[in-house]
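Residue-level structural notes
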Amino acid sequence: MNTVPDLQELAAELRVALMRTSRILRSHASSDAVTPGQNTVLALLGKNGPQTMGQLAETEHVQAPSMTRTVNALVEKGLVRRDSRPEDGRTVLISLTSDGSAILDESRRLRSAWLAERLDGLSEMERQTLHDAARLLVDMTRTEPRRRSTTA
């Protein structure tokens, strides 16, 4: 009989599972073309569009010099470009190039392929359970913590 773990135990189990999965996905996401950190910047630009260096650094919780090194490497590889903001030429926006978009698409394809291979061996019920868990995890990151309902 399965027992529901207490909150601290469940939190620890989820943390380990998510961290391990994240680490494996990062290793499968990058070809030799980019590092995992560079891939993350490409993904941010792909999701949010052009951003300033400060916005990228803030989103990734890194210092500006660290983000500058990452962006410089991506510029040298032709994967991102710097453009002056039209309304304020002093502000520089970082955006994806077509080569950067291609690397990002390949990265996503590789990660999805790795996951699909693992999912293929699961039962329909296990896949449904993971589908429900994925939805819950996404919801948890978008909202304040849910409180227990007072209705039975």
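Worth saying up front: this structure is predicted, and the values here are computed from it rather than measured.

Further remarks concern the packing of helix 2 (residues 36-48) against helix 5 (residues 98-120). One way to put it is that helix 2 packs onto helix 5 with a least axis distance of 10 Å and a crossing angle of 105°. Judged by the angle between their axes, helix 2 and helix 5 are roughly perpendicular. Residue-level inspection shows Asn39, Leu42, Ala43 and Gly46 of helix 2 in contact with helix 5, the latter providing Gly100, Ile103, Leu104, Ser107, Arg108 and Arg111. Looking at the contact of helix 2 with helix 5 residue by residue, the class counts come to four nonpolar, four polar and two charged.

Looking at the element boundaries, Glu87 is found in the loop between strand 1 (80-85) and strand 2 (88-96). Given a relative accessible area of 64%, Glu87 falls into the exposed group. Expressed as a C-alpha distance, the spacing of Glu87 and Lys77, which sit 10 residues apart in the sequence, is 28 Å.

On to the nonpolar core. Counting residues in each nonpolar core, the largest one holds 17 residues, and the members touching the most others are Leu42, Leu56 and Val80. At the level of secondary structure, the elements contributing two or more residues to this core comprise helix 2, helix 3 (53-60), helix 4 (64-76), strand 2 and helix 5. Ranked by the residues each element gives to this core, the list is headed by helix 2, at four residues. Setting aside residues up to four positions removed in sequence, Val80 forms contacts with Leu42, Leu45, Val71, Leu74, Val75, Ile94, Ser95, Leu96 and Thr97.

Attention shifts here to the pairing of strand 2. Pairing geometry for strand 1 and strand 2, over six bridges, is antiparallel. Counted as the bridge partner of Arg81 is Ser95 from strand 2. Between strand 1 and strand 2, which follow one another and run antiparallel, lie two residues.

This part is about the confidence of the model for the protein chain. Detailed reading of the predicted coordinates is not advisable wherever pLDDT falls low. Chain-level pLDDT for the protein chain is 89 on average; 93% of the residues reach the 70-or-more range. For the protein chain, per-element mean pLDDT is lowest for strand 2, which scores 88, and highest for helix 4, which scores 96.

Here we take up helix 5. In this model, helix 5 (23 residues) spans 32 Å end to end at C-alpha, consistent with the 33 Å of a helix rising 1.5 Å per residue. Turning to helix 5, its buried residues are Gly100, Ile103, Leu104, Ser107 and Trp114. For helix 5, the elements touching its buried residues are helix 1 (7-29), helix 2 and strand 2.

With that settled, consider a nonpolar patch on the surface. On the surface, Leu10, Leu14 and Leu18 cluster together into a nonpolar patch covering about 220 Å² of accessible area. Within the secondary structure, Leu18 sits in helix 1. Leu18 sits in the partly exposed class, given a relative accessible area of 43%.

This next bit is on the packing of helix 2 against helix 3. Two elements in contact, helix 2 and helix 3, have axes separated by 11 Å at closest approach and are oriented at 115°. On the basis of their axis angle, the class for helix 2 and helix 3 is roughly perpendicular. For the element pair helix 2 and helix 3, the recorded crossing hand is right-handed. Contacts from Thr40, Val41, Leu44 and Leu45 of helix 2 reach helix 3 at Leu56, Thr59 and Glu60.

Rules and cut-offs
- Residues numbered from 1 in each chain as written.
- Predicted model: local features only at pLDDT ≥ 70, side-chain atom pairs only at ≥ 80, totals over all residues.
- Heavy atoms only, no water.
- Axes fitted to C-alpha atoms, helices over the stretch in contact; angles between N-to-C directions.
- Helix = DSSP H or I, 4+ residues; strand = E, 2+ residues; numbered from the N terminus.
- Parallel < 35°, antiparallel > 145°, perpendicular 65-115°, else oblique.
- Contact = heavy atoms within 4.5 Å.
- Nonpolar A, V, L, I, M, F, W, Y, C, P; charged D, E, K, R; others polar.
- Buried < 20%, exposed > 50% of the residue type's maximum accessible area, 1.4 Å probe, protein only.
- Core = buried A, V, L, I, M, F, W, Y, C linked by side-chain atoms within 4.5 Å.
- Pairing = 2+ DSSP bridges.
- pLDDT = per-residue confidence, 0-100.
- Expected span 1.5 Å × (residues − 1).
- Patch = residues over 30% accessible without salt bridge, like charges linked within 9 Å, V, L, I, M, F, W, Y side chains within 5 Å.
- Areas by Shrake-Rupley, 256 points an atom, 1.4 Å probe, with all protein chains shown as cover.
- Salt bridge = Lys/Arg side-chain N within 4 Å of Asp/Glu carboxyl O.
- Left-handed = near helix turned anticlockwise from the far one by under 90°.

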